[in-house]
Amino acid sequence: MKPFAYTRPGSAAEAVREVAVEPGAVFLAGGTNLVDHLKLGVARPDLVVDVRTLTSREITDLPDGGLRLGAASTNSEVTADRRVRERYPVLAQALLAGATGQLRNAATTGGNPLQRTRCVYFQDVTTRCNKREPGSGCSAVGGYTRYHAVLGVGSAMPDPTAPETCIATHPSDMAVALTALDAQVQVLGPAGERTIPFGELHRLPGDHPSRDTVLEHGELITAVDLPPLPSGARSAYRKVRDRASYAFALVSVAAVVAGEDVRIALGGMAHRPWRATRAEALLTGGPLTEHAVAHAMEVELTAAQPQPGLEGGNGFKIPLATRTVVATLRDLTAEALR
Amino acid sequence: MDAEISLTVDGVPRRLTVDTRTTLLDLLRERLGNTSPKKGCDHGQCGACTVLLDGERALSCLALAVAHDGAEVTTADGLATEGELHPVQQAFLDRDAFQCGYCTPGQICSAVGLLREVDRGWPSHASADLTADPQLTAAEVAERMSGNLCRCAAYAHIVPAVQQAGGVQP
Ligand SMILES: Cc1cc2nc3c(=O)[nH]c(=O)nc-3n(C[C@H](O)[C@H](O)[C@H](O)COP(=O)(O)OP(=O)(O)OC[C@H]3O[C@@H](n4cnc5c(N)ncnc54)[C@H](O)[C@@H]3O)c2cc1C
Ligand code: SF4
Ligand code: FES
Ligand code: FES
């Protein structure tokens, strides 16, 4: 592991200043992703700025009836919170479907959405990877694509040597739930505070696959706000994986049904949590019959590009996503969908 | 780069100078000679390095020692009090819940943490009702212990051991 300096400043504002002026600096929270990357050589910082004790660890009521999750609250603390379990089951379920008890005790509200892809090539410094080493190419194309994207990628078999190619998925379960909940991210940066709608936090690869989010260097997440849901709203998270526990999603679905309003976010499908806006528009106001949901998802997925590769590639994700959305909405609207 | 930290390990206060890169796992094993937490994968994937960090179960391989200055660490080695085994340790013996024993200190620390989580009503992926008090069923134990792999596959005995330690007749 490359040597690095470690510091725990006196305040969040000081931590932001320290990172902003040092290009080789990173924030450290629970460390469950960053420490792994230090060992793998994927992260090679000169300075590690520990913010775990600098942001709030509290979960507090907001005046509008929502909840504020301090960035240092752990994934375990969020799922243990009765208000989260009662009012935002989709979030509690997403967190409980991720990682393990030990990891959730360390992982934080700020760190979880910023964990990096689990693309096997990204984690292996001996391979070409545009995300890890901009311009080096993408080893995943035609390789092991089982956990890779089908949405937001230009074509089946993009050019593996092009600097913009990246077919990675974002691995966070929590982020998919926060996308469906229309959460708001509170950020402190060198230029002051700003609020980012959660659905705009993560990026598609575009011309810069190395950038996962719209955060600038030195911007610190201080809290995530959950807006109130209308009374009678129901929500759920469903995750499909290769093992029953302790595995990342192949495909996952976060859904919120509130009266006429239907919100659907997909995990495991794209470089960022994927809000299924086309399907939502078709389903809003209409009856959520199995047929209507399947049709809406087929429309949503018309642009999907299955990636060929080892073990049959990832084309299975397209029908799987539709089936998973149908099942999630069927559970949420048990009577209506029969 | 070096940093000075204080830790309480199994009840003993320690003051140490550590390289900033040192994980809690390497500090326990290499510096303090406490080999009860094991290095299985060193990447958060097996649970063999599980300890109790300020009372909660945690992976010592993914924790930088410098980031836990002032923490209280309990390893499986420190669970017994005055020659008396911890109820989880006793249950693992009673139920023959290990074969080679390599994963066992991590399994035991994880189970101690799990029982406290269940006592506080924390739900799991196996809980049908997120707001009800969790019951220590086999399915609940299996899900909550999924972060502790056992290469000998002693799972069939580990689950009842955890249930016994939790006061439930398996
Ligand atoms: C074996 C294993 C299995 C896992 N399984 C799953 C799973 O099934 N589902 C899932 O969702 N996750 C899973 N995870 C990932 C885990 O959820 C993340 O590692 C964790 O949530 C990251 O949070 P952290 O606080 O530890 O972040 P850290 O590792 O401390 O940081 C992660 C990143 O976020 C940055 N950062 C941290 N806090 C802030 C902040 N406040 N503001 C700005 N930047 C910040 C850091 O600089 C770093 O780049 C798994 C991890 C492991 C090791
Ligand atoms: S998919 Fe993205 S992360 Fe994976 S090798 Fe290609 S560029 Fe790297
Ligand atoms: S050694 Fe820590 S989880 Fe495997
Ligand atoms: S008893 Fe051998 S690895 Fe678990």
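Quick notes on the rules
- Residues numbered from 1 in each chain as written.
- Chains lettered and ligands numbered in written order.
- Predicted model: local features only at pLDDT ≥ 70, side-chain atom pairs only at ≥ 80, totals over all residues.
- Heavy atoms only, no water.
- Helix = DSSP H or I, 4+ residues; strand = E, 2+ residues; numbered from the N terminus.
- Rg over C-alpha atoms; globule rule 2.2 N^0.38 Å.
- Buried < 20%, exposed > 50% of the residue type's maximum accessible area, 1.4 Å probe, protein only.
- Contact = heavy atoms within 4.5 Å.
- Domains from an automatic or database assignment.
- Buried area = accessible area lost by both parts, 1.4 Å probe.
- Salt bridge = Lys/Arg side-chain N within 4 Å of Asp/Glu carboxyl O.
- Pairing = 2+ DSSP bridges.
- Axes fitted to C-alpha atoms, helices over the stretch in contact; angles between N-to-C directions.
- Phe/Tyr/Trp six-rings, centres within 6.5 Å; stacked < 30°, edge-to-face > 60°.
- Lys NZ or Arg CZ within 6 Å of the ring centre and 35° of its normal.
- Polar contact = N/O pair within 3.5 Å; in protein donor to acceptor, adjacent residues only side chain to side chain.
- Nonpolar A, V, L, I, M, F, W, Y, C, P; charged D, E, K, R; others polar.
- Parallel < 35°, antiparallel > 145°, perpendicular 65-115°, else oblique.
- Left-handed = near helix turned anticlockwise from the far one by under 90°.

**Student:** What is the right way to read the overall build of chain A from this model?
**Tutor:** When its secondary structure is counted, chain A shows 10 helices and 12 strands. Against the globule reference of 20 Å for 338 residues, chain A gives a C-alpha radius of gyration of 20 Å, in line with a compact fold. Once the C-alpha set of chain A is aligned to its principal axes, its extents read approximately 60 × 50 × 35 Å. The buried share of chain A, reckoned over its 338 residues, is 58%. Here the analysis covers contacts within chain A between residues at least 6 apart in sequence; of these, 64% occur between residues at least 24 apart.

**Student:** Quick question: what am I supposed to make of the domain arrangement of chain B here?
**Tutor:** The figure often quoted for interface size is the accessible area lost as the parts come together. Residue and element names in this part refer to chain B. If you check the domain split of chain B, you get domain 1 (2-78) and domain 2 (87-165). Computed from C-alpha coordinates alone, the two centres of domain 1 and domain 2 are separated by 22 Å. Contact with domain 1, which involves 17 residues of that partner, is made by 17 residues of domain 2. Carbon and sulfur atoms supply 50% of the area buried between domain 1 and domain 2, which totals about 1300 Å² over both sides. Summed over the three residues of domain 1 that lose the most area to domain 2, namely E56, R57 and A76, the buried surface amounts to 42% of that side.

**Student:** What is the right way to look at the interface of chain A and chain B in this model?
**Tutor:** Counting from both sides, the interface comprises 39 residues of chain A and, opposite them, 36 residues of chain B. Counting each side, the surface lost to burial between chain A and chain B is near 3100 Å², with a carbon and sulfur contribution of 58%. Taken as a group, R85(A), Q102(A) and Y246(A) account for 22% of the area that chain A buries against chain B, more than any other trio of residues on that side. Scanning the region where chain A abuts chain B turns up 1 salt bridge. Here K39(A) ties to D42(B) by a salt bridge, and the two come within 2.8 Å at their closest N and O atoms.

**Student:** Explanation requested: the sheet that holds strand β9 (residues 234-241) of chain A in the structure shown.
**Tutor:** Hydrogen bonds between backbone atoms are what pair the strands of a sheet, whose relative direction is either parallel or antiparallel. Residue and element names in this part refer to chain A. The 4 strands lie next to each other as β9-β10-β11-β12, forming an open sheet whose pairing is antiparallel. The open sheet has two edge strands, β9 and β12 (274-275), and neither has a second partner. Packing against the sheet, helix α7 (residues 173-180) makes contact with β9, β10 (249-258), β11 (261-267) and β12, and its axis sits at approximately 25 degrees to β10.

**Student:** Before we go on, may I ask you to explain the pairing of strand β1 (residues 2-9) of chain B in this structure?
**Tutor:** Consecutive side chains along a regular strand alternate between the two faces of the sheet. Residue and element names in this part refer to chain B. Burial along β1 is one-sided: A3, I5, L7 and V9 are buried, and none of D2, E4, S6 and T8, which face the opposite way, are. Bridging between β1 and strand β2 (residues 12-19) involves 8 bridges; their strand directions are antiparallel. Paired with T8 across the strands is P13, a residue of β2. Sheet analysis places β1 next to strand β5 (residues 72-74), joined by 2 bridges and oriented parallel. Residue pairing across strands places T8 opposite E72, the latter belonging to β5.

**Student:** Help me out: how do you make sense of the packing of aromatic side chains in this one?
**Tutor:** Between two aromatic rings, the relevant description is the distance of the centres plus the angle of the planes. Applying the stated criterion across every chain, the model contains 1 aromatic pair over all chains. Judged by centre distance (6.5 Å) and plane angle (40 degrees), the rings of Y144(A) and Y147(A) are tilted. On the basis of relative accessibility, which here comes to 23%, the residue Y147(A) falls in the partly exposed class. When the ring centre of W122(B) is taken as origin, the NZ or CZ atom of R120(B), which lies over that ring, is 4.4 Å away.

**Student:** Sorry, what's going on with the domain arrangement of chain A here?
**Tutor:** Residues and elements named next belong to chain A. Examined at the domain level, chain A breaks down into domain 1 (5-50) and domain 2 (54-338). Summarising the inter-unit geometry, the C-alpha centres of domain 1 and domain 2 are found 24 Å apart. Each side of the interface is counted separately: domain 1 has 23 residues, and domain 2 has 19 residues. Of the roughly 1600 Å² buried at the junction of domain 1 and domain 2 (both faces included), carbon and sulfur atoms supply 70%. On the surface where domain 1 and domain 2 come into contact, there are 0 salt bridges. Linking domain 1 with domain 2 are 3 residue pairs in polar contact (both at pLDDT 80 or more), by the criterion used here. Elements with a contribution of two residues or more to the side of domain 1 that touches domain 2: α1 (12-20), β2 (25-28) and α2 (34-40). Broken down by element, the residue count for the side of domain 1 that touches domain 2 peaks at 6 residues, all from α1. Looking at the side of domain 1 that touches domain 2 residue by residue, the class counts come to 13 nonpolar, 7 polar and 3 charged.

**Student:** Sorry, what's going on with the packing of helix α2 (residues 87-94) of chain B against helix α3 (residues 104-119) of chain B here?
**Tutor:** Relative placement of two packed helices is described by the angle separating their axes and the distance separating the axes. Residues and elements named next belong to chain B. Where α2 meets α3, the axes come as close as 9 Å, and the angle between the chain directions of the two elements is 125 degrees. Considering the angle they form, α2 stands oblique to α3. As α2 packs across α3, the resulting crossing turns out to be right-handed. Between α2, through V88, Q89 and F92, and α3, the contact on the second element is made entirely by T104, Q107, I108, A111, V112 and L115. A breakdown of the residues in the contact of α2 with α3 according to their chemical character gives 6 nonpolar, 3 polar and no charged.

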